[in-house]
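The residues making up each chain are set out below.
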Amino acid sequence: MQKFDKIRPFYDAEVNEAIQASVNHPMMKALMGFTFPDMDEEVWKGQLKRTHSIRDFQCNFIYKSVQKVLEKSSEGLTTSGFEKLEPNTSYLFISNHRDIILDTSLLNVSLFDHGLVMTASAIGDNLVKKSFLKTLSKLNRNFLVQRGLPPRELLESSKLMSEYIAQLLLRENRSVWIAQREGRTKDGNDATHSGVLKMLAMGSTEANLMEYFKKIKIVPVSISYEYDPTDALKMPQLIAEANDEIYIKEKNEDFITLLSGIIGQKKRIHISVGDILNTELDQISADFDNSNKQIQALAQAIDDSILQSYKLWPTNYIAYDLLNKTDTYSHLYTEDEKSLFERRLEMRIDENNQQMLESFLAMYANPVVNKSKYQNAE
């Protein structure tokens, strides 16, 4: 068995066999029926059976699936900052994390549209327990993050993943996407977990850690959805945490969340690409000689970039005003937008449950609070 076989996506030589084995799976039929509603089943099956590379699968099928998702469940995707990136160049994209599948799918659609290298993307193995989902993720260039391991195995798994990421970026010229933290942000506070950066650092052979981070070209990415399609689903976990209770997921919870993220209404979506971290890393090297402090400073630099380029929507300002019973931001939304958001609240949560109401509003309001720290400093 090769070193990375446990976690890597398919090699192109394995793609066709995997497709042939999945072409009649009910979930493949559902996906293709959704993507090509007017196409005869035999036609898309024929096209799939002639597919021999991940790139072909992504460009001819998944790209179109994502376009369909945007068409049916959003008011469009806008982007900024992609012009800063060079073609034929690999980058390590570290983004905030709101949606299991869409964050990385939308980034790849945007990279493809701008003629840039698409990513291999990290996905938790807890999300691909069903064998078809695992096949689909490997066809879509996902690599597995092993979850729930005991400490020693976790260390080995982190080291393997860091080496795999380094190989992709430095030897295969393949961009990589990884979330800034394990699990999606449930409360709207986007923050980079130092554990993610420590894992990446394990792939370094440099004496100076910041030199390695310069080599792999870290690009912070900020994704914002006007409506979070899974907002109501995040409530039970937030409330358990607020009450210091241990939250235990329901059996199919990840899968339901995954589907809701895809089909739920998102309104407008924006992806903003920050500057490649470079001078910041020189500064961190100069300021700190202790690697833990360097990692903390790097996490802060990533957060600064993500929060500064985060696009705030009327929903964020409305939630802030409702939560704080003010009209501070009322000039940034219309009465119509406010009543629509209030309708959403009524339909999705029990407004008599004060704790739930506040958690729901805070999820949308926190990005306003976080971003305003930068605007006040300018």
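These notes cover the structure that comes with them.

Cut-off values and rules
Residues numbered from 1 in each chain as written. Predicted model: local features only at pLDDT ≥ 70, side-chain atom pairs only at ≥ 80, totals over all residues. Heavy atoms only, no water. Buried < 20%, exposed > 50% of the residue type's maximum accessible area, 1.4 Å probe, protein only. Helix = DSSP H or I, 4+ residues; strand = E, 2+ residues; numbered from the N terminus. Pairing = 2+ DSSP bridges. Phe/Tyr/Trp six-rings, centres within 6.5 Å; stacked < 30°, edge-to-face > 60°. Lys NZ or Arg CZ within 6 Å of the ring centre and 35° of its normal. Salt bridge = Lys/Arg side-chain N within 4 Å of Asp/Glu carboxyl O.

All right, on to the pairing of strand β5 (residues 175–179) then. Most of β5 sits out of view: five of its five residues are buried. Residue alternation in β5 divides its side chains into two sets, S175, W177 and A179 and V176 and I178, and both sets are buried. In the sheet, strand β2 (residues 92–95) pairs with β5 via four bridges, with the strands oriented parallel. Following the sheet pairing, I94 is matched in β5 by I178.

The next subject is helix α14 (residues 314–324). Inspection of α14 places P314, T315, N316, Y317, I318, A319 and D321 among the buried residues, and these make up the whole buried set. K325 lies just past α14 and shows a positive phi near 50°.

Glancing now at the packing of aromatic side chains. For the structure on display, the rule yields 12 aromatic pairs. Measuring from centroid to centroid gives 5.2 Å for F341 and Y364, while their planes differ by 85°, and the two rings are edge-to-face. Of the two residues, F341 is situated in helix α15 (residues 335–348) and Y364 in helix α16 (residues 354–377); the sequence distance between them amounts to 23 residues. Considered together, F341 and Y364 belong to a single accessibility category, that of buried residues. Aromatic ring contacts, followed pair by pair, group F4, F143 and Y164 into a single cluster. Over the face of the ring belonging to W313 we find K311, whose NZ or CZ atom lies 5.2 Å from the ring centre. The ring of Y227 has R344 sitting right over it, with the charged end atom 4.2 Å from the ring centre.

A separate point is the pattern of salt bridges. This structure, assessed with the given rule, holds 16 salt bridges. The shortest N-O distance in the salt bridge between R147 and E182 comes to 3.6 Å. Taken together, the positions of R147 in the loop between β4 (142–145) and α7 (151–171) and E182 in the loop between β5 and α8 (194–201) put the pair 35 residues apart, joining distant regions of the chain. Take R147: its relative accessible area is 27%, and that puts it in the partly exposed class. By relative accessible area, E182 is classed as exposed at 52%. Of the charged contacts in the structure, one is a salt bridge between K214 and D282, with a shortest N-O distance of 2.6 Å. One end of the pair, K214, is in helix α9 (residues 209–215); the other, D282, is in helix α12 (residues 279–287), and 68 residues separate them in sequence. Owing to a relative accessible area of 25%, K214 belongs among the partly exposed residues under this scheme. D282 sits in the partly exposed class, given a relative accessible area of 36%.

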